[in-house]
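# An overview of the molecular structure
Here's the letter readout for the chains.
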Amino acid sequence: QARVRGCVERSLRRRYRAEQRFRAYGLGATVAGMLFVGFLFLSLISTGYSVFWQTRITLDIDFEPEVVEAGDYTALVRASLRRLFPEVTGRQSLRELYALVSDGAGFELQDRVLADSGLAGTRASLPLLASDDLDQLVKGRLDRELPEGERVINDQQLAWLDELDRQDRVHQRFNRVFFTTGDSREPEQAGVWGAVVGSLLTLAVTLVLSFPIGVAAAVYLEEFAAHNRLTDLIEVNINNLAAVPSIVFGLLGLAVFIQFFGVPRSAPLVGGLVLTLMTLPTIIIASRAAIKAVPPSIREAALGMGASQLQMVAHHVLPLALPGMLTGAIIGMARALGESAPLLMIGMVAFIADIPGSFTDPATVLPVQIYLWADSPERAFLERT
């Protein structure tokens, strides 16, 4: 008995130690996962937090009526810079002086004149966008201690910047341009609003088409279709489509929707159609699983009370299965939101500066916008990416 008791105790101790090790492994895996996610977010935040501020240079603009009438607002900006630094005369020096301010400053002045026609003939102190190189320097992203040959801003421009700063003309303000404009070749003028609107329009088309079709297909296969070789073939193909690479759907959309049906290229409509094909298998599979999870007693009770099969499905099965169906729709829509490969094939990789106003206007989406910015050589696009 003592030997048996000893064997049992040793066995229990081994089991307890194994259980403790297993818990330690699980805790270690959880902590490691949290550390990796934390490192990811820390990396993103440390690289991109500065995009919420944008450097602006306050200039005294003389809105000369003849210049305003001609629409040459860039000339107003340059005239203001020349008044601040009258000693700058050479063509190359003037070009370097003008490079302190963004090319989009003239458009800012134009928008102000259009909003307030009374500015003509007056002088106003306005904060205008600085160039992307100057913005990166002010934010500390560029090292001003480097030799002049290794900097994108030369010593003379640094001296002008210091003089503007001494006059309290250099400020950092909230970067509303990033949230209200479309893409641009110039980083300081680039924003995400065009891509956000394109993504919303594309996802709207995807949701309107994929969710009703996916739910209807799942209901038919589970509740109405006869179990034969045809339905087995359909089920196999649905499961196979869920594993097809997304770029194949892009090729299908290019060949069918654009070349055959003539749908406008690079538009949210064709993007939504392509993403609908991609998300349908996910929604159908999730919806079928949700329908199968409804207890058979619900169906039997409804039929026993005299309900038809359609009433049983519409009034009892669908409401109970709806949470699972919505989960499948969310998973499918999340995958669609993050896809870029199929949209590249239908032209949504094109440079789109305007904000789309309808489902047929040229547009881009957020994943493609991130891809384009990540491939840009300008350093200022890094924080925007």
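Notes on the structure follow. (Residues numbered from 1 in each chain as written. Predicted model: local features only at pLDDT ≥ 70, side-chain atom pairs only at ≥ 80, totals over all residues. Heavy atoms only, no water.)

### Here's the deal with the pattern of salt bridges
Quick note on the threshold: The working definition used for a salt bridge is a side-chain nitrogen of Lys or Arg within 4 Å of a carboxyl oxygen of Asp or Glu. Secondary structure is summarised from DSSP: a helix means a run of H or I of at least four residues, a strand means a run of E of at least two, and numbering begins at the N terminus for each.
Under the definition given, this model contains 16 salt bridges. A salt bridge links Asp 162 to Arg 144; the shortest N-O distance between them is 3.0 Å. Of this pair, Asp 162 sits in helix H7 (residues 155-166) while Arg 144 sits in the loop between helix H6 (132-138) and H7; the two residues are 18 residues apart in sequence, bridging distant segments of the chain. Through salt bridges that share partners, Asp 135, Lys 139, Glu 383 and Arg 384 make up one connected network.

### Examining unusual backbone geometry
The criterion, for reference: Exposure is judged per residue with a 1.4 Å probe applied to protein chains only, and the accessible area is read against the type maximum: over 50% gives exposed, under 20% gives buried, and values in between give partly exposed.
Phi at Asp 168 takes a positive value of approximately 60°, unusual for a residue other than glycine. Looking at the element boundaries, Asp 168 is found in the loop between H7 and strand E3 (170-174). For Asp 168, a relative accessible area of 52% puts it in the exposed group. The phi angle at Ser 266 is positive, at roughly 60°, despite the residue not being glycine. With respect to the secondary-structure elements, Ser 266 resides in the loop between helix H11 (246-258) and helix H12 (268-292).

### Looking at the layout of surface pockets
Which entries qualify depends on this criterion: Here a cavity is any set of points on a 1 Å grid over the protein atoms alone where a 1.4 Å probe fits but cannot get out, and a pocket is any open set with protein on both sides within 12 Å along at least 5 of 7 lines; a residue lines the site when it has an atom within 4 Å of a point. Grid points are joined across faces, edges and corners, and a volume is the space filled by probe spheres set on the points.
Taken as a whole, the largest pocket holds about 400 Å³ of empty space. Forming the boundary of the largest pocket are 16 residues, of which Glu 108, Asp 111, Leu 129, Arg 176 and Val 177 lie nearest the centre. Those elements giving two or more residues to the lining of the largest pocket turn out to be helix H5 (105-115), strand E2 (123-129), E3 and helix H8 (177-180). The element contributing the most residues to the lining of the largest pocket is H5, with 5 residues.

### Overview of the environment of Gln 309
Put simply, the rule reads: Between two residues, a contact is recorded if the distance between any of their heavy atoms is within 4.5 Å. For this analysis, a polar contact is any N or O atom pair within 3.5 Å, provided that within protein one partner can donate a hydrogen and the other can accept it, and provided that sequence-adjacent residues contribute only side-chain to side-chain pairs.
If you trace the backbone, Gln 309 turns up in helix H14 (residues 309-337). Classification of Gln 309 as partly exposed rests on a relative accessible area of 35%. The spatial distance from the C-alpha of Gln 309 to the C-alpha of His 227 is 17 Å, given a sequence separation of 82 residues. Each residue touching Gln 309, except ones within four places of it in the same chain, is listed here: Glu 223, Phe 224 and Leu 303. There is a polar contact of 2.6 Å between the side chain of Gln 309 and the backbone oxygen of Glu 223.

### Structural notes on the pairing of E2
Every other side chain in a regular strand lies on the same face of the sheet, so the side chains alternate between the two faces. Note the threshold: The criterion for strand pairing is that DSSP finds at least two bridges linking the strands in question.
Of all the 7 residues making up E2, 5 are buried; the element is thus mostly covered by neighbouring parts of the structure. Two strands pair when backbone bridges link them, and strand E1 (residues 53-62) and E2 are joined in this way by 7 bridges, in the antiparallel orientation. When the bridges of E2 are listed, Ile 57 appears paired with Leu 128.

### Observations concerning the packing of helix H13 (residues 296-304) against H14
This is how it is decided: What counts as an axis is a line fitted to C-alpha atoms, over the stretch in contact for a helix, and the angles between N-to-C directions run from 0 to 180 degrees. Crossing handedness is defined as follows: a turn of the near helix away from the far one that is anticlockwise and smaller than a right angle gives a left-handed crossing, while the clockwise case is right-handed. For this scheme, ten residues count as nonpolar: Ala, Val, Leu, Ile, Met, Phe, Trp, Tyr, Cys and Pro. Four count as charged, namely Asp, Glu, Lys and Arg, and the remainder, Gly too, count as polar.
Interaxial distance between H13 and H14 falls to 10 Å at its minimum, and their mutual angle equals 145°. The element H13 and its partner H14 pack so that their crossing is right-handed. Residues Ile 298, Arg 299, Ala 302 and Leu 303 of H13 lie in contact with H14, whose contacting residues are Gln 309, Met 312, His 316, Val 317 and Leu 320. When the residues that make up the contact of H13 with H14 are grouped by side-chain class, the tally is 6 nonpolar, 2 polar and 1 charged.

### Observations concerning H7
Counted only if it meets this: To estimate how far a helix should extend, the number of its residues minus one is multiplied by 1.5 Å. Note: the arc covers the axis-to-C-beta directions of the helix.
The end-to-end C-alpha separation of H7 is 16 Å, in line with the 16 Å expected for 12 residues at 1.5 Å each. For H7, the full list of buried residues reads Gln 157, Leu 158, Trp 160, Leu 161 and Leu 164. In a view along the axis of H7, the buried residues occupy a sector of 160°, so they form one face of it. Here the buried face of H7 lies against E1, helix H3 (73-84), helix H4 (91-98), H6 and E3. Taking the backbone nitrogen of Gln 156 as reference, a side-chain oxygen 3.2 Å away marks Asn 154 as the first, capping residue of H7. Asp 168, located one to two residues past H7, shows a positive phi value of around 60°.

### Concerning the side chain of Thr 364
Tracing the backbone shows Thr 364 in the loop between helix H15 (341-345) and helix H16 (366-374). For Thr 364, a relative accessible area of 4% gives the class buried. Side-chain polar atoms of Thr 364 contact the backbone oxygen of Met 348, separated by 3.2 Å. Every residue in contact with Thr 364, bar those within four places of it in the chain, is listed here: Gly 194, Ala 195, Gly 198, Ser 199, Met 348, Ile 352 and Gln 369.

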